[in-house]
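Spelled out from the first residue to the last, the chains are:
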Amino acid sequence: MTGIRPFRDEDRAGLLDVCVRTADSGKDATGVLGDDELWGLIFAVPYAVRDPRLTWVVEADDGRVIGYVVGTDDTEAFEQWFRDEWWPQFTDRFPRPAEPRTREEKLVEYAYARAPGREPNVGDYPAHLHIDLLPETQGQGVGRMLIETLFAALRGRGVPGLHLGMNPDNVNAARFYERTGMHRLPTADDGMSYGVRFDP
């Protein structure tokens, strides 16, 4: 039986694995980029590094990490840390493209461009999250348990709300977020955002 537990340092490889295997709108993106770890180095591992107390993993019977939720209680502070401290470690590995054209170049450019002040919903929804589950984990209520665990931790810190962005092609994820009580938020581009307010 699968179970949820707090993140441990040795789970980093598991986060990278689950992230790439769900990165293509919930489907496996292995081999889509020249470096499979790029997905997780942007969307999973930095959260666990900066605040491991807001990261939980789903562990299979054989010890594999087969899902996770990561988050931050302060998007603006996280984005500044990502820009100033996290991403500079990877600039030699992922040089900034002059004119991003390919999917990989656009993803690398996204990492370079992350900064405070870019998310319009942080006033009322300062926290944000990323959640990914391998197919073997889905449909068992594990995703809801991960979300509720994170929400409880954020409430405990007095955080008033949370937002998330997603690929609008991932219709299953949209349905899932709506079932957890989230509602659509305005976006400035062609993406899709959801949010939830926490009771004081």
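Criteria and thresholds
Residues numbered from 1 in each chain as written. Predicted model: local features only at pLDDT ≥ 70, side-chain atom pairs only at ≥ 80, totals over all residues. Heavy atoms only, no water. Buried < 20%, exposed > 50% of the residue type's maximum accessible area, 1.4 Å probe, protein only. Helix = DSSP H or I, 4+ residues; strand = E, 2+ residues; numbered from the N terminus. Pairing = 2+ DSSP bridges. Phe/Tyr/Trp six-rings, centres within 6.5 Å; stacked < 30°, edge-to-face > 60°. Expected span 1.5 Å × (residues − 1). Polar contact = N/O pair within 3.5 Å; in protein donor to acceptor, adjacent residues only side chain to side chain. Contact = heavy atoms within 4.5 Å. Axes fitted to C-alpha atoms, helices over the stretch in contact; angles between N-to-C directions. Salt bridge = Lys/Arg side-chain N within 4 Å of Asp/Glu carboxyl O.

(A) Region of interest: the pairing of strand S5 (residues 161–166). Burial runs high along S5: 5 of the 6 residues are buried. Across 2 bridges, strand S4 (residues 127–133) lies against S5 in parallel orientation. The partner of histidine 128 across the bridge, within S5, is histidine 163. Where S5 meets strand S7 (residues 192–197), 6 bridges bridge the pair, whose relative direction is antiparallel. Looking across to S7, one finds that methionine 166 is bridged to methionine 192.

(B) Broad picture of the packing of aromatic side chains. Across all of its chains, the model carries 13 aromatic pairs by this definition. Taking the centre distance of 4.1 Å and the plane angle of 10° together, the rings of tyrosine 47 and phenylalanine 78 count as stacked. Of this pair, tyrosine 47 sits in helix H3 (residues 45–50) while phenylalanine 78 sits in helix H4 (residues 75–86), placing them 31 residues apart in sequence. Across the pair, exposure class does not vary: tyrosine 47 and phenylalanine 78 are buried alike.

(C) Spatial organisation of helix H6 (residues 142–156). Its 15 residues place the ends of H6 21 Å apart at the C-alpha level, agreeing with the 21 Å of an ideal helix rising 1.5 Å per residue. Buried within H6 we find Val142, Gly143, Leu146, Ile147, Leu150, Phe151 and Leu154. Glycine 158 occupies a position one or two residues after H6 and carries a positive phi of about 75°.

(D) Up close: the side chain of glutamate 79. Among the secondary structure elements, glutamate 79 is positioned in helix H4. Looking at glutamate 79, its side chain comes within polar contact range of the side chain of arginine 114, at 2.8 Å. Not counting chain neighbours up to four residues away, the residues in contact with glutamate 79 comprise Arg114, Ala115, Pro116 and His128.

(E) The arrangement of the sheet that holds strand S6 (residues 183–185) in detail. Across the sheet, which stays open at both edges, the 7 strands sit in the order S1-S2-S3-S4-S5-S7-S6 with mixed pairing between neighbours. The two strands at the open ends of the sheet, each matched to only one other strand, are strand S1 (3–6) and S6. Each strand of the sheet is rotated relative to its neighbour by a mean of 30°, with strand direction disregarded. Sheet strands in contact with H6 are S1, strand S2 (55–59), strand S3 (65–72), S4, S5 and S7, and its direction is about 160° off that of S4.

(F) Inspection of the pattern of salt bridges at higher detail. Here the structure, examined in full by the defined rule, presents 18 salt bridges. Between arginine 103 and aspartate 24 there is a salt bridge whose closest N-O contact spans 3.3 Å. Of this pair, arginine 103 sits in helix H5 (residues 103–113) while aspartate 24 sits in the loop between helix H1 (12–20) and helix H2 (37–43), placing them 79 residues apart in sequence. A residue is classified by how much of its surface remains accessible, and arginine 103, at 42% relative accessible area, is partly exposed. Taking the shortest distance from any N to any O, the salt bridge between aspartate 51 and arginine 157 comes out at 2.7 Å. Linking aspartate 51 in the loop between H3 and S2 with arginine 157 in the loop between H6 and S5, this pair joins segments that are 106 residues apart in sequence. Judged by its relative accessible area of 10%, aspartate 51 falls in the buried class. Among the residues examined, arginine 157 registers a relative accessible area of 31% and is labelled partly exposed. Three or more residues joined by partner-sharing salt bridges are found here, namely Arg5, Arg8, Glu10, Asp11 and Glu59.

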